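Results of the structural survey
Next come the chains, spelled out residue by residue.
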Amino acid sequence: MKRQILGVLCLLGVTTGSACADDLKDASDKLQPLTERIAKLSSGKAADYAKGQLASAQETLGAVKAAISAKNGALALQKTELVDLQLTIAEARAVEMEAAEQLVLHRAELKKLEAQFDQLLQAGGK
């Protein structure tokens, strides 16, 4: 009975160790694409519109590297997912702010055209 329990515990230890190694490899594999994504966003409109989100993503990326160095695969993988979400939010924020900026420009153009139209109506009515 004791041998069976010991065997099961050993098997669980091997399985858990294997899962941790998989998490560590997955996190390590995601590190470079996330780094490149941060660099790309930092050189675009997101740098202006989502500065806070990009800073948070950069900080979390540092936590990923620390977790990988500490061989904590589960934490590293969790942090890579957090960086991915932070970058998605930064991208969405940049798109939202750019659309809002375009809306302001279109409204200004519309007001200008409305004023020209009113002038034409008044000139034609005289």
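In what follows, the structure referred to is the one given above.
Residues numbered from 1 in each chain as written. Predicted model: local features only at pLDDT ≥ 70, side-chain atom pairs only at ≥ 80, totals over all residues. Heavy atoms only, no water.

**A few points about the overall build of the protein chain**
Counted only if it meets this: Secondary structure counts use DSSP, requiring at least four H or I residues in a row for a helix and at least two E residues in a row for a strand, with both numbered from the N terminus. Per-residue accessibility, obtained with a 1.4 Å probe over protein chains only, is compared with the maximum for each type, and a residue is labelled buried under 20%, exposed over 50%, and partly exposed between these values. Shrake-Rupley sampling with a 1.4 Å probe provides the accessible areas, and residues are treated as covered by the protein chains on show and by no other component.
Per the secondary structure count, the protein chain includes four helices and zero strands. Listing the helices and strands of the protein chain from first to last along the sequence gives α-α-α-α. By residue count, 21% of the 126 residues in the protein chain fall in the buried class. With an accessible surface of roughly 9,100 Å², the protein chain has 61% of that area assigned to carbon and sulfur atoms.

**Concerning the environment of Asp22**
Tracing the backbone shows Asp22 in helix 1 (residues 2-42). For Asp22, a relative accessible area of 46% corresponds to the partly exposed category. Sequence spacing of Asp22 and Gly73 is 51 residues, and the spatial spacing of their C-alpha atoms is 7.5 Å.

**Concerning the side chain of Thr80**
The line we're drawing: Should any heavy atoms of two residues lie within 4.5 Å, those residues are considered in contact.
Inspection of the secondary structure assignment puts Thr80 in helix 4 (residues 73-125). Here Thr80 is in contact with Ala27, Lys30, Leu34 and Val64, once residues within four sequence places are set aside.

**Some thoughts on the pattern of salt bridges**
Keep this limit in mind: When a carboxyl oxygen of Asp or Glu lies within 4 Å of a side-chain nitrogen of Lys or Arg, that pair is called a salt bridge.
Counted by the stated rule, this structure contains four salt bridges. Residues Asp84 and Arg37 are paired through a salt bridge, measuring 2.4 Å at the closest nitrogen-oxygen approach. Of this pair, Asp84 sits in helix 4 while Arg37 sits in helix 1, and the two are 47 residues apart along the sequence. Ionic pairing is found between Arg93 and Glu96, a salt bridge with its closest N-O pair at 3.3 Å. Separated by three residues within a single helix, Arg93 and Glu96 lie in helix 4, roughly one turn from each other. For Glu96, a relative accessible area of 46% translates into the label partly exposed. Overlapping salt bridges bring together Arg37, Asp84 and Glu91 as one network.

**A closer look at the environment of Tyr49**
Looking at the element boundaries, Tyr49 is found in helix 2 (residues 46-49). Distance in space between the C-alpha atoms of Tyr49 and Ala90 is 8.0 Å, their sequence separation being 41 residues. Apart from the residues within four sequence positions on either side, Tyr49 is in contact with Arg93, Ala94, Met97, Glu98 and Glu101.

**Details of the nonpolar core**
Rule in force here: Definition of nonpolar core: a set of buried residues of the types Ala, Val, Leu, Ile, Met, Phe, Trp, Tyr and Cys, connected through side-chain atoms within 4.5 Å.
Core analysis: the biggest nonpolar cluster contains 20 residues, and Ile38, Leu54, Leu61, Ile68, Val83 and Leu87 have the highest contact counts within it. Elements represented by at least two residues in this core include exactly helix 1, helix 2, helix 3 (51-69) and helix 4. Setting aside chain neighbours within four positions, we find Leu61 in contact with Leu31, Leu34, Thr35, Ile38 and Val83.

These results come straight from atomic positions and should not be treated as a statement about function.
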